[in-house]
Amino acid sequence: MQTTMLYSSVYNSTNMFNIETGARYHHLPVPVFDCLNLKQIGVLGSGCNGHVLLVEDAITKFNFAAKVFSFTYSDSMKSKRRLHTFHRECGILQSIKHENIVEVVLGAVGPSYGVIMLQYFPDGSLNNHISNIPDDLARKYFVNILSAVQHLHLKRIIHRDIKPHNILVKNQDVFLTDFGLAERLPAESNFVIGFAGTDIFVAPEVLASKSNHVGPYDGLKADSYAMGIYLWCLLAKSTPSLNTKYWVNLKNLIDSGKKFDPMLVECARLLLLNDPKERLFVDDLMKGLKNGTCKYEQFCQDEESKFCHQ
């Protein structure tokens, strides 16, 4: 990607830009944009941590997505949590580089703002295209994100919010984004505690932790299940609801004459297992695809009790 020298380095704790004190994220334009010769030209979205803005480099005319965090709250603990989230996301983005993960361009922080500059994707998220994905692209889109998640897991990072809304499209490629909920796992354990993610895109054990305060659970296996739901979205050309019975739905589609890539059906079978102990790790699935050990089975012969029917 061609950029000015300004964008050649990513965030680090010793290279911070001074952002005007006292400004709040809804008082736009953001002061840091003036420091970087950027102009806000739109709003791409918003979330629990702030806004994602579309900005333009005044010199090169390149567009970027700017994720803006506000640290100015009367509740000092909330400000500290937001600052911690900003530093955690910057640190994770700085440590990963993969052809199917959105590239971080720059991070800047000051007394009242944090900004993460990312590649801009004018085609938006996969969720906007899910009903029109050609069958021949479904396999590529799945394997691309599977490879990205494998890269994260090998670095002991879990994403915790894999869904079509957090996958961006450019030409015929897809890119994983939004690491606001991502966490680093300790070397000695895969387990995490507490709910994180979006209700309809999380594993059953994660959803249970929201209401029953159960836990801990395997964070890697939770991402595996989310990959299974993502694959279901590609096959069904739809997004689920809390009542979606993924496996029953796929079986009904096949019984009705719908043709699916056998490899993708087998991957769905291995990822959508209700019991995380039986569910495959992303790394193992990726290795199986590469060496040809993932074999298609008539999943209608499997015991339905093994699969989660949310």
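Shown above is the structure to which this text applies.
I will try to describe carefully the structure that is included in this document. Source: prediction; values computed, not measured.

1. Overview of the overall build of the protein
Piece 1. Across its full length, the protein carries 8 helices and 11 strands.
Piece 2. When the 310 residues of the protein are sorted by exposure, 49% land in the buried category.
Piece 3. When the accessible surface of the protein is totalled, it reaches about 14,400 Å², and 51% of it is carbon and sulfur.

2. Thoughts on the packing of helix α5 (residues 219–236) against helix α6 (residues 246–255)
Piece 1. With their axes 11 Å apart at the nearest point, α5 and α6 run at an angle of 30 degrees to one another. It follows that α5 is roughly parallel to α6 by the angle criterion. Between α5 and α6 the crossing geometry is left-handed. Of the residues in α6, those in contact with Tyr 225, Ile 229, Trp 232, Leu 235 and Ala 236 of α5 are Tyr 246, Asn 249, Leu 250 and Leu 253.
Piece 2. Residue classes in the contact of α5 with α6 are distributed as 8 nonpolar, 1 polar and no charged.

3. Details of the nonpolar core
One broad trend across soluble globular proteins is that nonpolar side chains are buried collectively.
Piece 1. Ranked by size, the top nonpolar core spans 71 residues in total, and within it Leu 126, Tyr 141, Phe 142, Phe 179, Met 227, Tyr 230 and Leu 234 carry the most contacts.
Piece 2. Per-element tally for this core: the top contributor is α5, with 12 residues.
Piece 3. Leaving out residues up to four positions away in the same chain, Phe 142 has contacts with Met 227, Tyr 230, Leu 231, Leu 234, Leu 264, Cys 267, Leu 271 and Leu 285.
Piece 4. Counting 14 residues, the second-largest nonpolar core is a separate cluster that includes Leu 36, Leu 38, Val 105 and Tyr 113.

4. Topic: the environment of Arg 139
Piece 1. Position of Arg 139 among the secondary structure elements: in helix α3 (residues 135–154).
Piece 2. A relative accessible area of 39% means that Arg 139 is categorised as partly exposed.
Piece 3. Sequence separation between Arg 139 and Leu 234 is 95 residues, and the spatial gap between their C-alpha atoms is 8.5 Å.
Piece 4. Setting aside its immediate chain neighbours within four residues, Arg 139 contacts Asp 261, Met 263 and Leu 264.

5. Remarks on the layout of surface pockets
Vacant regions in the atomic arrangement are exposed by a probe of water-molecule size rolled over the atoms.
Piece 1. By volume, the largest pocket amounts to about 830 Å³.
Piece 2. Lining the largest pocket are 32 residues, and of these Gly 45, Val 52, His 165, Asn 166 and Asp 178 lie nearest its centre.
Piece 3. Breaking the lining of the largest pocket down by element, the ones donating at least two residues are β1 (38–47), β2 (50–57), β3 (63–70), α2 (76–95) and β5 (113–119).
Piece 4. The element contributing the most residues to the lining of the largest pocket is β1, with 4 residues.
Piece 5. Residues belonging to the lining of the largest pocket are distributed by class as follows: 14 nonpolar, 14 polar and 4 charged.

6. What about unusual backbone geometry?
Piece 1. The phi dihedral of Lys 61 falls on the positive side, at around 70 degrees, and the residue is not glycine.
Piece 2. Here Lys 61 lies in the loop between β2 and β3.
Piece 3. One non-glycine residue with positive phi stands out, namely Arg 160, at about 75 degrees.
Piece 4. Summarising the element assignment, Arg 160 is placed in the loop between β6 (157–158) and β7 (167–170).
Piece 5. With a relative accessible area of 10%, Arg 160 lands in the buried category.

7. Description of the sheet that holds β5
Piece 1. Taking strand neighbours across the sheet as the criterion, the 5 strands line up as β1-β2-β3-β5-β4 in an open arrangement whose pairing is antiparallel. In this open sheet, the two edge strands, each paired with only one partner strand, are β1 and β4 (104–109). Each strand axis lies, on average, 25 degrees off the axis of its neighbour in the sheet, ignoring direction.
Piece 2. In this structure, β3 lies alongside β5, joined through 7 bridges in antiparallel fashion.

8. Regarding the side chain of Glu 56
Piece 1. In this structure, Glu 56 sits in strand β2.
Piece 2. Once residues lying within four places of it in the same chain are set aside, the contact partners of Glu 56 are Asn 37, Leu 38, Lys 39, Ile 41, Lys 61, Phe 62 and Asn 63.

9. Considering the environment of Cys 90
Piece 1. Along the chain, Cys 90 falls in helix α2.
Piece 2. Considered as a pair, Cys 90 and Ala 108 are 18 residues apart in the sequence and their alpha carbons are 9.4 Å apart.

10. Some words on the pairing of β3
Piece 1. In terms of burial, β3 is a largely internal element, 7 of the 8 residues being buried.
Piece 2. Where β2 and β3 come together, 7 bridges link them in antiparallel fashion. Each residue of the ladder has a partner; that of Leu 53, found in β3, is Ala 66.
Piece 3. In this structure, the hairpin formed by β2 and β3 is closed by a connection of 5 residues, where Lys 61 is found at a positive phi of approximately 70 degrees.

About the criteria used
Residues numbered from 1 in each chain as written. Predicted model: local features only at pLDDT ≥ 70, side-chain atom pairs only at ≥ 80, totals over all residues. Heavy atoms only, no water. Helix = DSSP H or I, 4+ residues; strand = E, 2+ residues; numbered from the N terminus. Buried < 20%, exposed > 50% of the residue type's maximum accessible area, 1.4 Å probe, protein only. Areas by Shrake-Rupley, 256 points an atom, 1.4 Å probe, with all protein chains shown as cover. Axes fitted to C-alpha atoms, helices over the stretch in contact; angles between N-to-C directions. Parallel < 35°, antiparallel > 145°, perpendicular 65-115°, else oblique. Left-handed = near helix turned anticlockwise from the far one by under 90°. Contact = heavy atoms within 4.5 Å. Nonpolar A, V, L, I, M, F, W, Y, C, P; charged D, E, K, R; others polar. Core = buried A, V, L, I, M, F, W, Y, C linked by side-chain atoms within 4.5 Å. 1 Å grid on protein atoms, 1.4 Å probe; cavity = no way out; pocket = protein on both sides within 12 Å on 5 of 7 lines; lining within 4 Å. Points joined across faces, edges and corners; volume = space filled by probe spheres on them. Pairing = 2+ DSSP bridges.

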